[in-house]
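# Structure assessment
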Amino acid sequence: MAINNVKGTHDVIGVEANLYSEIENLLKQVAELYMYSEVRPPVLEYSELFVRGVGESSDVVRKEMYTFLDKGERSLTLRPEFTAGIMRLIVQNKLLATNDWPLKLYYCGPVFRYERPQLGRYRQFNQFGVEAVGHNSPINDVEVITMAYTMLVSLGLENVKIKINTLGDEESRLNYRQALKDYFKDKIDDMCEDCHSRYKLNPLRILDCKVPHDQEIVTGAPKMSEYLSEASKARFQVVCNALKEYDIPFEVDDNLVRGLDYYSETVFEFHYISQKGNDYGAIGAGGHYSHLVKEVGGPDVPGIGFSFGIERLASVITDDGLVPDNVAQKCDIYVMPLGEQNQIHALALANEARLLGYNVEMNFDNTKLGNMFKKAEKKGARVGVIIGDNEVANGTIILKNLLTKEQEEICLNEYIERLDQLLGENERECCCGEECGGQKKE
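Keep in mind that this is a model prediction, so the values were computed, not measured.

### Observations regarding the overall build of the protein
When its secondary structure is counted, the protein shows 15 helices and 16 strands. Its C-alpha atoms give the protein a radius of gyration of 28 Å, more than 25% over the compact-globule value 22 Å for 442 residues. Considering only C-alpha atoms, the protein reaches an extent of 90 × 55 × 50 Å along its principal axes. Sequence separation of 24 or more characterises 69% of the internal contacts of the protein that already satisfy a separation of 6 or more. Of the accessible surface of the protein, which amounts to about 22300 Å², a share of 48% is contributed by carbon and sulfur atoms.

Written out as structure tokens, the structure is:
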């Protein structure tokens, strides 16, 4: 009986895997332009971290975490999100000790949530995100939103819809929670079971309910803007004005609350409908948090961050026909030994070209030359390198331009120079990491 992959997971293969790498590399490049540094926290964390950090009222903690006891009876969880783990990493490694704030970090890797698989979303999926910790400036919020938008534009996405809102400061949220409790008090019995739990733990979560009947009830609920403190109103106005100043398109959504309990003040989501008409909803999101670092044992400093789902970005890029031409792995050279006895010589030629930055495939089958040419064509190779008994005896090799079909026999010492001429790669990045043009150093 065959063993298949677990429901909600998928194998990433070939062009799709290359596309993931292309997306991740571009996002990393943009983050580094903003002076963010990479961190790699472990996949496993103590479950308490997410209960304290993410919040017990969130759907992530209540229903979606993969949690188990290890052999020492300790409760461990496969991370359902990165931010709480990043805060733990910051505190444990004393990264805030320099006071050179904000501390800017980026991450990329798999996360795990037990939820219904849907378009571009799996139970194991990959996130890229950033965290800027230690500074409370609203302009820092603007820089983070701007960076995220720049990443999406750099991927070629057009008409990205940015939704933003403010959840206010602690005083604002306390007043707003009470107003929501008063509003839903006589209505909660007619709402879904999840909303019953949300009402008790955190009524703001009700605003994010996806049940159509409950959404109708939510439309009449009080708005956060009606309960904001003067300080939170002023802060949000600074954010909105700055986004307008920098021509960042956005709309204010009073019902945007995000799914995690640690958020305060500015929250935002990036929504997208692909050229094929597929509505992906939020392809990325984030927000400001005031006390999350303190919740995991650190100083009481604020932060802001966001994350993108790599699977969703890949699906959107594919839908919109934006997959780069260079995503498919290219083959520069196909090496063809004539007879098994010449494979050792062929391997030396292949490795020499690889060390100088060329993508090289070698044939290991003891087969006819015509079959090897067919394989080279299938690989999309541009140059064929042929070596047989005569070539070994004479110290020569045969090079064939697989595009023009021109063929020549050359001396071994002309090998790399002639490859450079055929492939137009006179300035290559050598394996030494320097642009040495493939010249061996003395």
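### Regarding the sheet that holds strand S2 (residues 44–46)
The antiparallel open sheet is built from three strands, whose spatial order is S2-S4-S3. Because the sheet does not close on itself, it has two edges, and the strands there are S2 and strand S3 (66–69). With direction set aside, neighbouring strand axes in the sheet form an average angle of 35 degrees. Sheet topology note: the S2/strand S4 (residues 75–78) ladder contains three bridges and is antiparallel. Opposite Leu44, over in S4, you have Leu78 as the bridge partner.

### Quick look at helix H15 (residues 415–423)
What sets the pattern is the α-helix's 3.6 residues per turn: residues three or four places apart point alike. Taken as a whole, H15 has its buried residues at Tyr415, Ile416, Leu419, Asp420 and Leu423. Down the axis, H15 shows its buried residues gathered within 135 degrees of arc, on one side only. Where H15 is buried, its residues touch strand S12 (333–337), helix H12 (343–355), strand S14 (383–387), strand S15 (396–401) and strand S16 (407–411). Directly after H15, the chain includes Gly424, whose backbone phi takes a positive value near 65 degrees.

### A word on the sheet that holds strand S7 (residues 161–166)
The strand order across the open sheet built from eight strands is S1-S5-S6-S11-S10-S9-S7-S8, with neighbouring strands paired in mixed fashion. Edge strands, defined here as strands with exactly one partner in the open sheet, are strand S1 (37–38) and strand S8 (251–252). Relative to strand S9 (residues 263–273), S7 runs antiparallel, the two sharing six bridges. Of the residues in S9, the one forming a bridge with Lys163 is Glu269. Contacts from helix H11 (residues 310–319) reach strand S6 (124–133), S9, strand S10 (279–289) and strand S11 (303–309) within the one sheet, and its direction differs from that of S10 by about 140 degrees.

### Here we look at the state of the cysteines
Linking two cysteines covalently through their sulfur atoms gives a disulfide. On inspection of all chains with the given rule, the structure shows zero disulfides. Left without a disulfide partner, Cys192 is nearest to the cysteine sulfur of Cys195, which lies 3.6 Å away.

### Quick notes on the environment of Asn18
Turning to its location among the elements, Asn18 is positioned in helix H1 (residues 14–33). Separated by 243 residues in sequence, Asn18 and Asp261 place their C-alpha atoms 35 Å apart. Discounting residues that sit within four places of it in the chain, Asn18 has contacts with Val327, Ala328 and Gln329.

### Some remarks on the packing of aromatic side chains
Counted by the stated rule, this structure contains 10 aromatic pairs. Ring centres 5.8 Å apart and planes at 35 degrees place the aromatic pair Tyr176 and Tyr227 in the tilted group. Of this pair, Tyr176 sits in helix H6 (residues 170–184) while Tyr227 sits in the loop between helix H8 (212–218) and helix H9 (230–245), and the two are 51 residues apart along the sequence. Joined through ring pairs, the aromatic side chains of Phe268, Phe270, Phe306 and Phe308 make up one cluster. It is Lys187 that lies over the ring of Tyr183; its NZ or CZ is 4.1 Å from the centre. The ring of Phe373 is capped by Lys400, whose NZ or CZ atom sits 4.5 Å from the centre of that ring.

### Thoughts on the nonpolar core
Ranked by internal contacts, the top residues of the largest apolar core, which has 49 residues, are Ile86, Met87, Ile90, Val133, Phe184, Ile206 and Leu207. Sorting elements by how many residues they give to this core places helix H4 (residues 83–92) first, with five residues. Contact partners of Val133, with chain neighbours within four places excluded, come to Met87, Ile90, Leu96, Trp101, Pro102, Leu103, Tyr289, Val293, Val301, Pro302 and Gly303. Core analysis: the second largest hydrophobic core is formed by 44 residues, Met151, Ile162, Phe236 and Ile310 among them.

### Some words on the packing of H1 against helix H5 (residues 138–154)
Contact pair H1 / H5: the axes reach a minimum separation of 10 Å and the direction vectors enclose 140 degrees. By the angle between their directions, the pair H1 and H5 is classed as oblique. In the crossing of H1 with H5, the sense of the turn from one axis to the other is right-handed. Residues Leu26, Leu27, Val30 and Ala31 of H1 pack against Met147, Thr150, Met151 and Ser154 of H5.

### Digging into unusual backbone geometry
Geometrically, the link from Trp101 to Pro102 is a cis peptide bond, its omega value of 5 degrees lying close to zero. Positionally, Pro102 belongs in the loop between H4 and strand S5 (103–112). The residue Glu73 is not glycine, and still its phi comes out positive at about 65 degrees. Counting through the fold element by element, Glu73 comes out in the loop between S3 and S4. Of note, the phi angle at Glu265 is positive, near 50 degrees, even though the residue is not glycine. Considering the arrangement of structural elements, one finds Glu265 in strand S9. Judged by relative accessible area, Glu265 falls into the buried class, the value being 10%.

Reading the values: rules and limits
Residues numbered from 1 in each chain as written. Predicted model: local features only at pLDDT ≥ 70, side-chain atom pairs only at ≥ 80, totals over all residues. Heavy atoms only, no water. Helix = DSSP H or I, 4+ residues; strand = E, 2+ residues; numbered from the N terminus. Rg over C-alpha atoms; globule rule 2.2 N^0.38 Å. Contact = heavy atoms within 4.5 Å. Areas by Shrake-Rupley, 256 points an atom, 1.4 Å probe, with all protein chains shown as cover. Pairing = 2+ DSSP bridges. Axes fitted to C-alpha atoms, helices over the stretch in contact; angles between N-to-C directions. Buried < 20%, exposed > 50% of the residue type's maximum accessible area, 1.4 Å probe, protein only. Arc of directions from axis to C-beta. Disulfide = S-S within 2.5 Å. Phe/Tyr/Trp six-rings, centres within 6.5 Å; stacked < 30°, edge-to-face > 60°. Lys NZ or Arg CZ within 6 Å of the ring centre and 35° of its normal. Core = buried A, V, L, I, M, F, W, Y, C linked by side-chain atoms within 4.5 Å. Parallel < 35°, antiparallel > 145°, perpendicular 65-115°, else oblique. Left-handed = near helix turned anticlockwise from the far one by under 90°.

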